[in-house]
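Examining the three-dimensional arrangement
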Amino acid sequence: MISLLKKIDNFVLLNANIFIMTCLALALPLKAIGNVTTAAPEPATGWQGKPEVTANQYMAVTANPIATQVAVDVLSTGGNAIDAMVAAQLVLNLVEPQSSGIGGGAFLVYWDAEKKILQTFDGRETAPALADEDYFRKPSGDLLKWWQARIGGRAVGVPGTLDLLHMAHRQFGDHHWAELFQPAIDLAREGFSVSPRLSRSIAGASKYLKTFPEAAEYFFTQAAEPLPVGYILKNPAFAETLSLIANNGPSVFYDGPIGDKILESLSNTSELPSLMTKDDLRAYQAIPRPAVCVPFKGFSICGMGPPSSGALTVGQILGISEHFDLQGMGPTPDGIHIVLEASRLAFADRARFMADSDFVSVPVEGLINPEYLKKRAGLVKTETAMGKAQAGNPPGADLSHATFYHPESVGTSHLSIVDQQGNIVSLTTTIESGFGSTIMTQGFLLNNEMTDFSFRKSAGNRPVANRVEGSKRPRSSMAPTIVFNADGDPVLVAGSPGGSRIICYVAKTIVNILEWNMRPQEAVSTPHFCNRNGKTDLEFQTSETTRNVLISSGHDISIKEMNSGLHVIQILPDGQLIGGADPRREGLAKGN
Ligand code: GLU
């Protein structure tokens, strides 16, 4: 661990706040930080700017400096992107436990440079086999409210992240499986410094975390206060869990003692008990699926298809926007208006058609059909907001489903990694809300991903595509993305947390870089805008001019904090890597 901390000696964090906060988080002496480079343009208000980071051989961008360092260590000792992903994910589970881990689910988009294979892996949580359309209905017949279901056993889906890591590693990994567990095991045993974001997150979720004994004990001081910044936190239970998996593989989790304890922890945790069984755990399998790729201005935007709505909705936004001169408009209110209107249309289709395609018919091809998107683009007026958009009629659509919107919460983490061979990992990973279900077992938290299902089975006498069904996977918004140029070479890796606004964050970043010529750090930092077919959400720091122009075009605007965690790597034609880490979180880009 000490050697790890010593290696974190060349952060390039310019802003004084984050500079000092990160030193505290890592228990580093300030003088250990060197090598400061030029600043990226920074918005005027309140967040911590980060400099551009460049590299020539490899790079990792994750949500936490310790996890980034571990990934870089693996890459520098000849490990490939998949190896670095496994090691970093396990460390994130420890140092950013509120966002992702082996108790949750993930989607991976992977590019194998030598074989030129683009492969996606679906490690989404699944509903217990016994779940049915009335899963969230109380014995009284009333539906649980979303916030009532948010914590406790009923919210927990069968976890998929570990099986995804194992499947990807078996197919593409290089270093030994057990070796990749060692950094997280060492950190869990020796302790790590609680970061500002973790400390704040604990404070924000105290009420929920205190509901269940293991979390109540782990995340608070003896005086029952949230763990402060800089507190050295050890997690021997997690070290034990990881050692078991390192030495025996995931079967100890899916068909062994760890799984047994998960089920034990789930018993009696909510008004509606968990329906998960040993068979559900045994049956879990990550699924390799084809990537969904959508053309945009000569590029191909590739990502995760159903059960995620990520690639389809990002693809629709871009595919509709493509019919306008975004480049000519630039990042002006006019350009932003076009993307917002495209977004309304895409979210209307999402609400009607997108869900787990192993259970309901999803017109994947039709939704991104260029002719269809051109027709949808015809609904966009350059001067005026269209108000509520209606779902369209894409080729091959099953029109029996209702259009239905339901609440979604935010948690999650995104990792972007490029290795020396040019292999690429774009992994978005989650336990759904911050701290998931808040049920902790054996040192890790269990997800509350089941709340990504629609609680209602039907609306207006029509079935809802994303209703609960046994062994189905809840619809996700996660949008891990890799962009290819016309020659088929990868040029950009991107992804973010942020609930269904993930889709807007990723689409905006792609437009910023490909159309508006921004460098990655600037592209992730510009104020967010998002329309999920309702109000137009604008981030606090959006300029007065943009706000006023959008209002005068008829947008019903809502100014808010938009807590993304965009982690981006751009690959230039000469192979140079340029990283961008979201200034809204404590992530770090680092490479060599
Ligand atoms: N559970 C959400 C999803 O899969 C992600 C939550 C978040 O990113 O904050 O879409």
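Anything mentioned here points back to the structure above.
Note that the structure is a prediction, hence the values are computed from the model and not measured.

**Side note on the packing of aromatic side chains**
All told, the structure shown has eleven aromatic pairs when counted by the stated rule. On the numbers, 5.2 Å between centres and 80° between planes, the contact of Phe-219 with Phe-435 is edge-to-face. One end of the pair, Phe-219, is in the loop between helix H10 (213-218) and strand S6 (232-233); the other, Phe-435, is in the loop between strand S11 (424-430) and strand S12 (440-441), with 216 residues separating them in the sequence. One exposure class covers both Phe-219 and Phe-435, and it is buried. Measuring from centroid to centroid gives 5.7 Å for Tyr-254 and Tyr-284, while their planes differ by 15°, and the two rings are stacked. Placement of the pair is Tyr-254 in helix H12 (residues 251-254) and Tyr-284 in the loop between helix H14 (278-283) and strand S7 (287-289), with a sequence separation of 30 residues.

**Thoughts on the state of the cysteines**
Inspection of the entire model under this criterion finds two disulfides. In this model, Cys-293 is linked to Cys-302 through a disulfide, with the two sulfur atoms separated by 2.1 Å. Sign of the S-S torsion, about 115° for the bond between Cys-293 and Cys-302, identifies this disulfide as right-handed. Taking the relative accessible area as the measure of exposure, Cys-302 reaches 3% and is therefore buried. The residue that forms a disulfide with Cys-504 is Cys-530, at a sulfur-sulfur distance of 2.1 Å. The disulfide joining Cys-504 to Cys-530 has a torsion of about 50° about its S-S bond and is therefore right-handed. In this pair, Cys-504 sits in helix H20 (residues 502-514) while Cys-530 sits in strand S18 (residues 529-531), placing the two residues 26 residues apart along the sequence. Judged on exposure class, the residue Cys-504 and its partner Cys-530 are both buried.

**Examining the nonpolar core**
Formed by 84 residues in total, the largest nonpolar core has its most connected members in Met-85, Leu-108 and Phe-219. Sort the elements by how many residues they give to this core and helix H4 (residues 81-95) lands first, with twelve residues. Setting aside residues no more than four positions away along its own chain, Leu-108 makes contact with Ile-82, Met-85, Gln-119, Thr-120, Phe-121, Leu-164, Ala-168, Met-304, Val-425, Ser-426 and Leu-427. Formed by 52 residues, the second largest nonpolar core is a distinct cluster that contains Cys-504, Val-511, Ala-523 and Val-524.

About the cut-offs
- Residues numbered from 1 in each chain as written.
- Predicted model: local features only at pLDDT ≥ 70, side-chain atom pairs only at ≥ 80, totals over all residues.
- Heavy atoms only, no water.
- Phe/Tyr/Trp six-rings, centres within 6.5 Å; stacked < 30°, edge-to-face > 60°.
- Helix = DSSP H or I, 4+ residues; strand = E, 2+ residues; numbered from the N terminus.
- Buried < 20%, exposed > 50% of the residue type's maximum accessible area, 1.4 Å probe, protein only.
- Disulfide = S-S within 2.5 Å.
- Core = buried A, V, L, I, M, F, W, Y, C linked by side-chain atoms within 4.5 Å.
- Contact = heavy atoms within 4.5 Å.

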